[in-house]
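# Secondary and tertiary structure notes
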Amino acid sequence: MNLNQLNIKQVNSLLKNKEISAMDLYEASRKRTEEVDGTMKAFITTSFEEAKEQVKSAQEKIDKKEDSLLTAIPYSLKDNLSTGGIKTTCGSKMLENYIPIFDATAVTRLHGHAPLMMGKVNLDEFAMGASTENSAFFTSRNPFDPDFVPGGSSGGSATSVAAGEVLFSLGSDTGGSVRQPAAFCGLVGLKPTYGRISRYGLVAFASSLDQIGILTKNVEDSAIVLQAIAGKDEMDSTSSRVEVQDYLGCLNSEMRGKKIGVIRELVEGPVAPFVKKSVMDAVKVFEDMGCECEFVDLKHIVHSISTYYIIAPSEASSNLSRFDGIKYGYRTSDYENLEDLYVRTRSEGFGEEVKRRILLGTFALSSGYYDQYYNKALKVRTLIKQDFEKAFSKFDLLLSPTAPGTAFRVGEKTSDPISLYLEDLCTVPVSLAGLPAVSIPCGLEKGLPLGLQLISNYFEEALLLSAAKAFEDATEHHKYVKQLEFK
């Protein structure tokens, strides 16, 4: 069985018709992972034994006709989502041997459907990066060409789905960490509205920006997974009480009369010419469906990168202060006093990029600079948010590239952190505003996928996914990942 050729609904149909069993799915996922992960390097920790135990309960649900679309579906988790009894490393030496005693809420909600959790996948350390090259363990590879990165920070999630090891993966998106890997790996990457999915059990990077996201091979699969994990959680005060819709049932390919704003600053900004062409080709697809498309100016989003790289590191500086070598996590073996313990533990336990962001954030929050940097960044964030709100008073959806180019070669940008930060050019504005967005495949350039970003107003994921489904139905781009061949 080739999982790369199947989606969640197809697998569910095969299960219901008894053409395959839950054990068949487990074996297919395990075998595929064992065959290709030596090259792809998606998984930090496999949980094959735990998944094998889940097979029994999944099959019982199917036999009793108590199953859902997610029952027995193999999936992976980004390794910054807490899993009780299974290591959660955050891609860091600091948490290399940390085993939580609880599951994240999103994981608990998935467990209610009895899918098969095949393991924890790679990421840039503490989700800080755009290539997975900042992982303390290894760099994940792009299934379209292993010489290229899969994106980040949810690179392992994207790799595991695109390589056919699992059918879906949960990642996290702070400034684009689900959408950009989806674009690089030819997948659908959904970042819901901030507060749509509980963050309880997601190891914090930047608390006002972090959101759990979903990577799948098609739009329907994203709707299915979102339905399962969205909703209010009393363990997360920032999760929303807005009613969860029937996202799969709401999918509607009828787009006639919808107004779509094409974000001028992102389409005509510093993006590759082939990216602009692919986006304008996508605009033509929507116009052929009967949509009204026109350019819209969001004048403050040109400040998004500088705003994000003040706010996010500042919150990271605060959130990562808990890793001091005292209660849990890595502790240096050689120290002279308490202060030396702190300094050596954090110097040895954190990687270079994490230390860089902690220093940036600490500086921005320090006395004399708080108003000059952090407070000013918060004000600009409000202006960016207002630009989006003004645009949504006129348009149903907004459209842009997901990334300024295709995936880049492993090692190509490691010596230039700023060039990596600019990979977030198109995704960061959405995160600062807390809006939902989805990246969908929209073309190939020299054999590497391109991503189109669609953005909707707050909690309008049903409209967002419907527009993505309409584009998917009208094009063949989502089929690239099915055509991947592995030796």
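The residue numbers shown here count from 1 along each chain, following its written sequence. Per-residue local features of the predicted model are confined to residues with pLDDT of at least 70, and side-chain atom pairs are confined, for both listing and counting, to 80 or more; whole-chain, interface and lining totals are unaffected and use all residues. Each side-chain value is worked out from all heavy atoms of the structure, with water and hydrogens disregarded.

Naming follows an unreviewed UniProt entry, where the protein appears as Glutamyl-tRNA(Gln) amidotransferase subunit A of Filifactor villosus. UniProt positions are given in the numbering used here, feature names are shortened, and annotations may be inferred rather than shown by experiment. Recorded in UniProt for the protein, the comment headed Subunit (unreviewed entry) runs: "Heterotrimer of A, B and C subunits." Under the UniProt heading Sequence similarities (unreviewed entry), the entry covering the protein gives this text: "Belongs to the amidase family. GatA subfamily."

Under the UniProt annotation, the feature "domain: Amidase" (unreviewed entry) is placed at residues 25-465. A helix here means a DSSP run of H or I that spans at least four residues, while a strand means a run of E at least two residues long, and both kinds are numbered starting from the N terminus. When the span residues 25-465 is considered, its composition is 38% helix and 14% strand, and the gap between its end C-alpha atoms is 27 Å.

Running from N to C, helix α13 (residues 352-365) and helix α14 (residues 370-392) point in directions that differ by 105°, and their axes come no closer than 7 Å. It follows from the interaxial angle that α13 and α14 lie roughly perpendicular. Of α14, the residues touching α13 (which contributes Phe363, Ala364 and Leu365) are Tyr370, Tyr373 and Tyr374. Counted by class, the contact of α13 with α14 contains six nonpolar, no polar and no charged residues. Here an axis means a line fitted to C-alpha atoms, over the contact stretch when the element is a helix, while the angle between two N-to-C directions is reported on a 0 to 180 degree scale. Each angle gets one of four labels, with under 35 degrees taken as roughly parallel, over 145 as roughly antiparallel, 65 to 115 as roughly perpendicular, and the rest as oblique. Residue contacts are counted whenever heavy atoms from the two residues lie within 4.5 Å of one another. Under the scheme applied, nonpolar residues are Ala, Val, Leu, Ile, Met, Phe, Trp, Tyr, Cys and Pro; charged residues are Asp, Glu, Lys and Arg; polar residues are all the others, including Gly.

Salt bridge, as used here, is a side-chain nitrogen of Lys or Arg placed within 4 Å of a carboxyl oxygen of Asp or Glu. A complete count under the given rule lists 20 salt bridges for this structure. The salt bridge involving Arg179 is made with Asp173; its shortest N-O contact spans 2.9 Å. To sort residues, take the accessible area from a 1.4 Å probe on protein chains only and compare it with the maximum for the residue type: under 20% means buried, over 50% means exposed, and anything in between is partly exposed. Given a relative accessible area of 0%, Arg179 falls into the buried group. In this structure, the salt-bridge partner of Lys469 is Asp473, at a minimum N-O distance of 2.9 Å.

It is worth spelling out the packing of aromatic side chains at this point. Aromatic pairs are defined between Phe, Tyr and Trp rings, using the six-membered ring for Trp, whenever the two ring centres lie within 6.5 Å; interplanar angles under 30 degrees are classed as stacked, those over 60 as edge-to-face, and all others as tilted. Under the definition given, this model contains 15 aromatic pairs. Centroid distance Phe286 to Phe471: 5.6 Å. Interplanar angle 25°. Geometry classified as stacked. Here Phe286, found in helix α10 (residues 273-288), pairs with Phe471, found in helix α17 (residues 461-474); they are 185 residues apart in sequence, far enough to count as distant. A single burial state applies to Phe286 and to Phe471, both of which are buried. Here the basic side chain of Lys41 rests over the ring of Phe138, its NZ or CZ set 5.9 Å away from the ring centre. Placement of a positive charge over a ring is assigned whenever Lys NZ or Arg CZ falls within 6 Å of the ring centre and within 35 degrees of the normal to the ring plane. Against the face of Phe408 rests Lys413, its NZ or CZ located 4.8 Å from the ring centre.

Turning next to a nonpolar patch on the surface. Judged by side-chain polarity, Ile326, Leu338, Tyr342 and Val343 come together as a nonpolar surface patch covering roughly 340 Å² of accessible area. Among the secondary structure elements, Tyr342 is positioned in helix α12 (residues 338-349). Excluding any residue in a salt bridge, patches collect residues exceeding 30% relative accessible area, merging like charges within 9 Å and nonpolar Val, Leu, Ile, Met, Phe, Trp and Tyr side chains within 5 Å. In these tables, accessible area is a Shrake-Rupley quantity obtained with a 1.4 Å probe, and a residue counts as shielded only by the protein chains included in the view.

Here the expected span of a helix is defined as 1.5 Å times the quantity of residues minus one. End to end, helix α2 (residues 22-40) covers 25 Å across 19 residues, agreeing with the expected 27 Å (1.5 Å per residue, within 8%). The angle between axes fitted to the seven-residue stretch ending at a residue and the seven-residue stretch beginning at it gives the bend at that residue. At Glu34, α2 is deflected by roughly 40°, the largest bend along its length. Every buried residue belonging to α2 is among Ala22, Leu25, Tyr26, Ala28, Ser29, Arg32, Thr33, Val36, Asp37 and Met40, and all of these are buried. The positive-phi residue at the C-terminal boundary of α2 is Lys41, with phi of around 55°.

Ranked by size, the top nonpolar core spans 154 residues in total, and within it Phe126, Leu170, Phe286, Phe388, Leu398, Leu452 and Leu454 carry the most contacts. Sorting elements by how many residues they give to this core places α17 first, with eight residues. When sequence neighbours within four positions are dropped, the list of residues in contact with Phe388 reads Ile263, Leu298, Ile301, Leu398, Pro429, Val430, Ala433, Leu435 and Ile455. Side-chain atoms within 4.5 Å are what join buried Ala, Val, Leu, Ile, Met, Phe, Trp, Tyr and Cys residues into a set we call a nonpolar core.

Bringing the sheet that holds strand β8 (residues 292-296) into the picture now. At least two DSSP bridges between two strands are required for those strands to pair. One open sheet accounts for eleven strands, arranged β1-β3-β2-β4-β6-β5-β10-β11-β9-β7-β8; its pairing is mixed. The open sheet has two free edges, formed respectively by β1 (43-46) and β8, since each of these has just one partner strand. Between one strand and the next, the sheet's axes are offset by a mean angle of 25°, whatever the strand orientation. Bridge analysis of strand β9 (residues 397-401) against strand β11 (residues 448-456) gives five bridges, and the strand direction is antiparallel. Bridging across to β11, Leu397 finds its partner in Ser456. Each of β7 (259-263), β8, β9, β10 (437-445) and β11 touches α10; the most contacted strand, β11, lies at about 55° to it.

UniProt's feature table lists "active site" (unreviewed entry) at Lys78, Ser153 and Ser177, given in the numbering used throughout. What stands out for the annotated residues spanning 100 residues is how close their C-alpha atoms remain, the widest pair being 10.9 Å apart. Mapped onto the secondary structure, Lys78 falls in strand β2 (residues 74-78). Assessed through its relative accessible area of 0%, Lys78 is described here as buried. With residues up to four places along the chain from it excluded, the contact list for Lys78 reads Lys120, Val121, Leu123, Ala127, Ser153, Ser154, Ser157, Ser169, Leu170, Gly171, Ser172 and Ser177. Leave out the neighbours within four places in its chain, and Ser177 touches Lys78, Ala127, Gly129, Gly152, Ser153, Ser154 and Ser172. Whenever two N or O atoms come within 3.5 Å, that pair is a polar contact, provided that in protein one can donate a hydrogen and the other can accept it, and provided that, for residues adjacent in sequence, both atoms are side-chain atoms. Side chain to side chain, Ser177 and Ser153 meet in a polar contact 3.0 Å long.

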